[in-house]
Amino acid sequence: MTTLQTVFAKAKADNRAALVGYLPAGFPSKDGAIAAATALVEAGCDVIEIGLPYSDPLMDGPTIQDAVHRSLLNGTRIADVMRTVEGVAATGAATLVMTYWNPIDRYGAERFARELADAGGAGTITPDLTPEESEPWRAASAAAGIDTVFLVAPSSTEARIKAVVDCCTGFVYAASLMGVTGARETVNVAAEDLVKRTRAHTDLPVCVGLGVGTGAQASHVAAYADGVIVGSAFIRRILDAPDEAAGYASIAELAREMAQGVRSRA
Amino acid sequence: MAHEGSILTAADLAGNGVHGDDPDVRGKFGIFGGRYVPEALIPALDEVASVYATAKNDVEFLREFDHLLRTYAGRPTTLTEVPRFAEQAGGARIVLKREDLTHTGAHKINNVLGQALLTKRLGKKRVIAETGAGQHGVATATAAALLGLECVIYMGAVDCERQALNVARMKLLGAKVVPVTNGSQTLKDAINEAFRDWVTNVDSTHYLFGTVAGPHPFPEIVRDFARIIGVEARRQMLELTGALPTAVCAAVGGGSNAIGIFHAFIGDEGVQLHGYEAAGRGLDSGEHALTLTAGSVGVLHGSRTYVLQDDEGQTIDSHSISAGLDYPGVGPEHAWLKDSGRATYHGITDDQAMAAFSLLARTEGIIPAIESSHALAGALELGRELGPEATILVNLSGRGDKDMGTAMKYFNL
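An unreviewed UniProt entry lists chain B under the name Tryptophan synthase beta chain, with Nonomuraea glycinis given as the organism. Per UniProt, chain B has the following entry under Sequence similarities (unreviewed entry): "Belongs to the TrpB family." Turning to chain B, the UniProt annotation filed under Function (unreviewed entry) states: "The beta subunit is responsible for the synthesis of L-tryptophan from indole and L-serine."

As recorded in an unreviewed UniProt entry, chain A goes by the name Tryptophan synthase alpha chain, listed as coming from Nonomuraea glycinis. What the UniProt record of chain A gives under Sequence similarities (unreviewed entry) is the line "Belongs to the TrpA family." Note on chain A: under the UniProt heading Function (unreviewed entry), the record states "The alpha subunit is responsible for the aldol cleavage of indoleglycerol phosphate to indole and glyceraldehyde 3-phosphate."

See the structure below:
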């Protein structure tokens, strides 16, 4: 298993930011998700987040909602998520699961953490698990040897940033804007300030997500962040492609552009 | 409103010191409640909690709220004893708390006026809300018109159709109604969409949450603003019958009207508390909203509570003939009252509710909301069980005008 620590150490040695790609399991199909993620890794993604499709994704914008809805219609179960992680981790990318809290809560925190570690997963990102409620998950993750990533937001106070980073291992996810997931024309200027404020409380890498959709944006964010997270822009290309193969070619093209971006810090 | 003409007291609002069941600092009722939300919303939730904590002990705020409740909402609402209806209830006395007589026609106005005043204190100019039956949306649009706030209402597309009259009312009141077309296109999806709006526009916007669910502090705030129902009813029952009721009945969707009438009676150990959920087409049909009676503990819409979910935590779509009860979650305080045994929860099918709906109309000349009809059907069952010595207080949480489309179809009118 490739760990987040390895990835970020290598990126730092190369004087570049890491590229993190998000795709939901079961989208565009169960096997297709592995193929799509593999295409991203081959095109230069260092870390892959596999989304666990959930019925009530209240932090996601229309693009990810659409993909997740299709995945659930495909009958995606947690076993499929684990299988996807296994397939993607085999490519050598550090592989995370991004999930709302309830599926883990219902499945059992210890069982989920153990199975994720067994599948070669490096950890999780849990966008609706607050520090106050996170203790059971951090304990289970530590026992299984996987990382826990939580989010800070532009609205976060210094006290909240400190509380969140104290729960993080691996890296800290800085949400670039106040809003839901989805590509935007510009990346919010608040992101740079948030990264700066976050660094004052931690030595962990800080990655920026929400709203990044082009190589130029990736390059701009890479100038101040340790990692650039891209999700909706990839999914939009798969949704718009005439067939699965064309979709993979299209996301590989975008990922290459992004990989260039994180190597030419603007 | 302890006495005619006097102002609402802080104790009336929050029941301070009357009982020891306020949530803890993390918003927990036992293991239930809390906050499971994107970190981006935490400062806004903290701000709402802090502004409310000050307001609830501020005489000026209490005076304003009391004034609106009396001169605008039409409080106190009366009690009505319904002997002809009660003939079907094994001889028990049945008394209705007439929330249907409030301005806008349902108990929702109480919470909305309180939160609209809070919105002003928060310095925000825009409110958003979710609505199922449309009553909370109408009440929110009403308060927004009254106080000059911009108002956007999220409503499931399915609900927009079955409550078309309320959509028209909201529009007339100047609100923008956004039909939500994802997921099951009902209340739960409207809540998701409202949260998405809030996280995007939190600087300008208050999410005027409509029920006792959601992340802390909403379960506490909405309960406190609805609490006046039980505070009045308890005093009125003593005046009317010289005693406390044997039992208090209310319908439970998210649970705000039920908490509203239950809360003042929680300390009265002899008073039974019964909540009635929508059993839809029956438990075995799988088409119901029996969150407390058939659900399991999980997290939905920011709170740990009972949820209708599958074995992997995916929310299961609920069903009820009444849009206001068609919700796969429930307020965390109800989850806590259930597990502690202080309240008991039951299911009432669509058919039972519609029978009670029609019975109250024909025997008493009162057309209830279909939501409230679940509590009426429950009172009929409970009366037969408790016998002629019993006095049952029912929260008639809303009127049935909005349900005429459903009734015309159901009864072939």
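K.L.:
Sorry if this is basic, but what is going on with the UniProt feature "domain: Tryptophan synthase beta chain-like PALP" (unreviewed entry) in chain B here?
P.N.:
This chain's UniProt record puts "domain: Tryptophan synthase beta chain-like PALP" (unreviewed entry) on residues 72-398 of chain B. Across residues 72-398 of chain B, the secondary structure splits into 43% helix and 20% strand, with the terminal C-alpha atoms separated by 17 Å.

K.L.:
Is there a simple way to think about the interface of chain A and chain B in this case?
P.N.:
Counting residues at the interface gives 32 residues for chain A, matched by 27 residues for chain B. Looking at the side of chain A that touches chain B, the elements that each hand over two or more residues are helix H5 (101-107), strand S6 (151-152) and helix H8 (158-165) of chain A. Element by element, the count of residues in the side of chain A that touches chain B is highest for H5 of chain A, at six residues.

K.L.:
Looking at this structure, how should I read the nonpolar core?
P.N.:
Grouped together as the largest cluster of nonpolar side chains are 234 residues, with contacts concentrated most on Leu-40, Ala-174 and Val-228 of chain A. When residues are assigned to domains, this core turns out to be shared by domain 1 (29-73 + 108-223) and domain 2 (79-105 + 227-411) of chain B, each giving three or more. Not counting residues up to four positions away in its chain, the partners in contact with Ala-174 of chain A are Val-152, Ala-191, Leu-194, Val-195, Thr-198, Val-206, Cys-207 and Val-208 of chain A.

K.L.:
Looking at this structure, how should I read the environment of Ile-125 of chain A?
P.N.:
Residues and elements named next belong to chain A. Mapped onto the elements, Ile-125 comes out in strand S4 (residues 123-125). Taking the C-beta count within 10 Å as the criterion, Ile-125 has 25 such neighbours and is therefore assigned buried. Taking C-alpha positions, Ile-125 is 30 Å from Asp-243, a pair spaced 118 residues apart along the chain.

K.L.:
Which parts of the structure should I look at to understand the packing of helix H15 (residues 350-364) of chain B against helix H16 (residues 370-386) of chain B?
P.N.:
Any two packed helices are characterised by the angle at which their axes cross and by the distance between the axes. Residues and elements named next belong to chain B. Here H15 crosses H16 at 90°, and the two axes come no closer than 8 Å. Taken together, the axes of H15 and H16 lie roughly perpendicular to each other. In this structure, H15 contributes Gln-352, Ala-353, Met-354, Ala-355, Ala-356, Phe-357 and Leu-360 to the contact, and H16 contributes Ile-370, Ser-373, His-374, Leu-376, Ala-377 and Leu-380. Split into classes, the residues belonging to the contact of H15 with H16 amount to 10 nonpolar, three polar and no charged.

K.L.:
Explain unusual backbone geometry to me, please; I cannot follow it from the model alone.
P.N.:
With glycine set apart, most residues show a phi of negative sign, and most peptide bonds adopt trans. All names here are of chain B. With omega at -5°, the peptide bond leading from Arg-75 into Pro-76 counts as cis. Along the chain, Pro-76 turns up in the loop between helix H3 (59-73) and strand S3 (79-81). With an omega of 15°, the peptide bond running from His-216 to Pro-217 counts as cis. One can find Pro-217 in the loop between strand S8 (205-207) and helix H10 (218-226). Positive phi is not limited to glycine here, since Gln-185 has a value of about 60°. Along the chain, the position of Gln-185 falls in the loop between strand S7 (176-180) and helix H9 (187-201). Positive phi, close to 55°, is recorded for Asn-412, a residue that is not glycine. Within the secondary structure, Asn-412 sits in the segment after helix H17 (404-411).

K.L.:
Help me out: how do you make sense of the UniProt feature "active site" (unreviewed entry) in chain A in this one?
P.N.:
All names here are of chain A. UniProt's feature table lists "active site" (unreviewed entry) at Glu-49 and Asp-60, given in the numbering used throughout. Here Glu-49 is in contact with Val-20, Tyr-22, Leu-96, Met-98 and Ile-125, once residues within four sequence places are set aside. Residue placement: Asp-60 occurs in the loop between strand S2 (47-51) and helix H3 (62-73). Taking the C-beta count within 10 Å as the criterion, Asp-60 has 24 such neighbours and is therefore assigned buried.

K.L.:
Help me understand the sheet that holds S8 of chain B, please; the structure alone is not making it clear to me.
P.N.:
Strands belonging to one sheet form pairs held by backbone hydrogen bonds; the direction of such a pair is parallel or antiparallel. Residues and elements named next belong to chain B. Across the sheet, which stays open at both edges, the four strands sit in the order S7-S6-S5-S8 with parallel pairing between neighbours. Looking at strand neighbours, the two that pair on one side only are S7 and S8, the edges of this open sheet. Here the strands of the sheet are splayed against their neighbours by 20° on average, with no regard to which way each runs. Of the strand pairs in this sheet, strand S5 (residues 126-131) and strand S6 (residues 150-156) are connected by six bridges, and their pairing is parallel. The partner of Glu-130 across the bridge, within S6, is Tyr-154.

K.L.:
I would appreciate a short explanation of helix H2 (residues 30-42) of chain A in the present structure.
P.N.:
Since the α-helix turns once every 3.6 residues, residues separated by three or four places project in the same direction. All names here are of chain A. The end-to-end C-alpha separation of H2 is 19 Å, in line with the 18 Å expected for 13 residues at 1.5 Å each. Within H2 the residues assigned to the buried category are Ala-33, Ile-34, Ala-36, Ala-37, Ala-39, Leu-40 and Val-41. For H2, the secondary structure elements touched by its buried residues are strand S1 (18-24), S2, helix H4 (78-89), helix H11 (232-240) and helix H12 (244-263). Within two residues after H2, Gly-44 carries a phi angle of roughly 125°, on the positive side.

K.L.:
So what exactly am I meant to see when it comes to the confidence of the model for chain B here?
P.N.:
Caution applies to low-pLDDT parts of the model: their predicted coordinates are not meant to be read in detail. Residues and elements named next belong to chain B. Looking at chain B as a whole, the pLDDT averages 94, with 96% of positions reaching at least 70. Scored below 50 in pLDDT, residues 16-20 makes seven contacts in the model with residues more than four places away or belonging to other chains. This complex was scored by the predictor with a pTM of 0.95 and an ipTM of 0.95.

K.L.:
Mind showing me how you'd approach the pairing of strand S14 (residues 391-396) of chain B here?
P.N.:
In regular strands, side chains alternate between the two faces of the sheet. All names here are of chain B. Among the six residues in S14, six count as buried, and that is most of the element. The side-chain alternation of S14 yields two buried faces, one formed by Thr-391, Leu-393 and Asn-395 and the other by Ile-392, Val-394 and Leu-396. In this structure, strand S4 (residues 93-98) lies alongside S14, joined through six bridges in parallel fashion. Bridged to Arg-98 within S14 is Leu-396. For strand S9 (residues 247-251) and S14, the ladder comprises three bridges, and the chain directions are parallel. When the sheet's bridge partners are listed, Ala-247 is paired in S14 with Ile-392.

Analysis parameters
Residues numbered from 1 in each chain as written. Chains lettered and ligands numbered in written order. Predicted model: local features only at pLDDT ≥ 70, side-chain atom pairs only at ≥ 80, totals over all residues. UniProt positions renumbered as here; feature names shortened; annotations may be inferred. Helix = DSSP H or I, 4+ residues; strand = E, 2+ residues; numbered from the N terminus. Contact = placed C-beta atoms within 7 Å. Core = buried A, V, L, I, M, F, W, Y, C linked by C-beta atoms within 7 Å. Buried ≥ 20, exposed ≤ 12 C-beta atoms within 10 Å, placed from the backbone. Domains from an automatic or database assignment. Axes fitted to C-alpha atoms, helices over the stretch in contact; angles between N-to-C directions. Parallel < 35°, antiparallel > 145°, perpendicular 65-115°, else oblique. Nonpolar A, V, L, I, M, F, W, Y, C, P; charged D, E, K, R; others polar. Pairing = 2+ DSSP bridges. Expected span 1.5 Å × (residues − 1). pLDDT = per-residue confidence, 0-100.

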